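# Fold and geometry: a report
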Amino acid sequence: MRDTKSYKWDALRPKGGLKVQEILSVQKKIVPELVDILEKRYNILKTIYFNQPIGRRVLASELSLGERIVRTEINFLKEQDLIEINTLGMTVTEEGIRVVEQLNDFMHEIKGLNDVEEFIKTSLGLKDVIIVPGDVESNPYVLKELGKAASNYVKDIIKDDSIIAITGGSTVKELVEAFPKINNVSNVLVLPARGGMGRKVESQANTLAAALAQKVNGSYKLLHIPENVSLEVLDGLLKEKQIKDVIDCIHKADILIYGIGNAIHMAGKRGASEEFIEELKKNGAVGEAYGCYFDKNSKVVSENTTIGIKINDAKKINTHIAVAAGKNKVEAIIAAEMNDSNAVLVTDEAAANKIVELMKAQN
């Protein structure tokens, strides 16, 4: 005779079993605080990992948490052998690193970010969307996760004879720094997408192109051209054999990596004239990417004269990887990415949720 107790449990069990998302949904209803605790410990572990060795007070300050809360969580993580504490500060153990890596995907799932990715991909008409849990504006270490996610994507699509065009900027710099050293591809060429010599050498396109080329065991070519040169000077530079050679290679690129910024902020950062900035405002420019300024309808209202990739060249490149995050960049992201079927957007959870909100409001 069949066990009655067993029969009762069988009746309660859904046919086919619960999917991961369904299990998480049930957990949120029965133990709603579980997600908050999990995310808090995940953020603490990540912050220790990116700053190790780090002291308790500095950690509390970085996460904007009370020292008492941090002390309690640290004791728990130490008991689980996820961190070590010594005179220099706290460090993450090998087991702790493994847990952080496993939690990356789990946090993505528990927050339902797969659905958000699909919504943005469809709404903006993009090739793909990758969302990193967190908010770069409240936790700067999310930017490192952003760089890691973008570098993993590039690593998966890069192949023999690939030509990569890359812009400058702090967000793109995170991608290059996170990129692992690989030896499974050959004859890769990395180029700055556009000329320009900014104030920060470490985040210039030339510097990042050379650094990425070293990571992929490839070669690179550089463009040493100042911003905002006159058309006469520009015309003369284009006749230079070395520069012409780089431009020809950029036109053959199959991967474009770039950041997205607020139009007015980026124009000011590039040392544009007051007249140019006023013209951008007049034309309703909200976003900037690879030297192009877009209005809220994704129309190019102006293009920087610097030598390098143009909007028509960019459209012909097979894969565009845009790395941009933060709620303050959402309007710029939508403007620069709308209906770009070759674009892959890598962003953070906060920006993604704001994009969803705006797109739903428009519809």
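Going by the structure above, here's the rest.
Residues numbered from 1 in each chain as written. Predicted model: local features only at pLDDT ≥ 70, side-chain atom pairs only at ≥ 80, totals over all residues. Heavy atoms only, no water.

## So, unusual backbone geometry
- Residue Gln52 is joined to Pro53 through a cis peptide bond whose omega torsion reads -5°.
- Relative to the helices and strands, Pro53 resides in the loop between helix H3 (33-51) and helix H4 (56-63).
- Of note, Asn217 is a non-glycine position whose phi angle comes to about 60°, a positive value. (Helix = DSSP H or I, 4+ residues; strand = E, 2+ residues; numbered from the N terminus.)

## Things to note about the pattern of salt bridges
- Scanning the entire structure with this criterion turns up 14 salt bridges.
- As a salt-bridge pair, Glu174 and Lys144 come within 3.8 Å of each other at their nearest N and O atoms. Taken together, the residues span a long stretch of sequence, with Glu174 in helix H9 (residues 170-178) and Lys144 in helix H8 (residues 142-157) at a distance of 30 residues.
- Assessed through its relative accessible area of 14%, Glu174 is described here as buried.
- Among the charged side chains, a network of salt bridges with common partners joins Glu39, Lys111 and Glu349. (Salt bridge = Lys/Arg side-chain N within 4 Å of Asp/Glu carboxyl O. Buried < 20%, exposed > 50% of the residue type's maximum accessible area, 1.4 Å probe, protein only.)

## A closer look at the packing of H9 against helix H10 (residues 205-215)
- It is at 9 Å that the axes of H9 and H10 come closest, and there the two elements cross at 20°. One finds that H9 runs roughly parallel with respect to H10. Helix-helix and strand crossings are classified by hand; for H9 and H10 the assignment is left-handed. Where H9 abuts H10, its residues Val172, Lys173, Val176 and Glu177 lie against Leu208, Ala211, Leu212 and Lys215.
- Considering only residue class, the contact of H9 with H10 consists of five nonpolar, no polar and three charged. (Axes fitted to C-alpha atoms, helices over the stretch in contact; angles between N-to-C directions. Parallel < 35°, antiparallel > 145°, perpendicular 65-115°, else oblique. Left-handed = near helix turned anticlockwise from the far one by under 90°. Contact = heavy atoms within 4.5 Å. Nonpolar A, V, L, I, M, F, W, Y, C, P; charged D, E, K, R; others polar.)

## So, the packing of H3 against helix H6 (residues 94-110)
- Close contact between H3 and H6 brings their axes to 10 Å; oriented N to C, the two are set at 135°. Viewed along their axes, H3 and H6 adopt a mutual orientation that is oblique. Seen from above, H3 lies across H6 with left-handed handedness. Here H3 contributes Val35, Leu38, Glu39, Tyr42, Leu45, Lys46 and Tyr49 to the contact with H6, which in turn contributes Gly96, Ile97, Val99, Val100, Leu103, Asn104, Phe106, Met107 and Ile110.
- Tallied by class, the residues present in the contact of H3 with H6 amount to twelve nonpolar, two polar and two charged.

## Topic: the pairing of strand E3 (residues 128-132)
- Buried residues dominate E3, accounting for four of its five residues.
- For E3 and strand E13 (residues 343-348), the ladder comprises five bridges, and the chain directions are parallel. Counted as the bridge partner of Ile131 is Thr347 from E13. (Pairing = 2+ DSSP bridges.)

## Re the sheet that holds strand E10 (residues 292-295)
- Taking strand neighbours across the sheet as the criterion, the four strands line up as E8-E9-E10-E11 in an open arrangement whose pairing is antiparallel. A single partner strand is all that each edge strand has here, and the edge strands are strand E8 (261-262) and strand E11 (300-303).
- When E8 meets strand E9 (residues 285-289), the two strands line up antiparallel, connected through two bridges. By the bridge assignment, Gly261 is partnered in E9 with Glu288.
- Each of E8, E9 and E10 is contacted by helix H16 (residues 330-337), which is oriented at about 70° to E9, the strand it contacts most.

## Some thoughts on the sheet that holds E13
- Taken in spatial order, the seven strands of this open sheet run E3-E13-E12-E7-E4-E5-E6, and their pairing is parallel. Two strands lie at the open edges of the sheet, namely E3 and strand E6 (219-220), each paired on one side alone.
- Across the sheet, helix H7 (residues 113-124) is in contact with E3 and E13; its angle to E3 comes to roughly 140°.

## Some details on the side chain of Asp340
- Tracing the backbone shows Asp340 in the loop between H16 and E13.
- Buried and without a salt bridge, Asp340 has Lys315 as its closest oppositely charged side chain, separated by 8.6 Å.
- If sequence neighbours within four positions are ignored, Asp340 has contacts with Leu124, Gly125, Leu126, Lys127, Tyr258 and His320. (Lys, Arg positive; Asp, Glu negative; His and termini not counted.)

## Regarding the packing of aromatic side chains
- What the rule picks out here adds up to four aromatic pairs.
- Seen in terms of ring centroids, Phe50 and Tyr141 are 6.1 Å apart; in terms of plane orientation they differ by 10°. Their pairing is stacked. Here Phe50, found in helix H3, pairs with Tyr141, found in the loop between E3 and H8; they are 91 residues apart in sequence, far enough to count as distant.
- Judged by its relative accessible area of 24%, Phe50 falls in the partly exposed class.
- Here the guanidinium or amino end of Arg41 rests over the ring plane of Phe76, the centre of that ring lying 3.8 Å away. (Phe/Tyr/Trp six-rings, centres within 6.5 Å; stacked < 30°, edge-to-face > 60°. Lys NZ or Arg CZ within 6 Å of the ring centre and 35° of its normal.)

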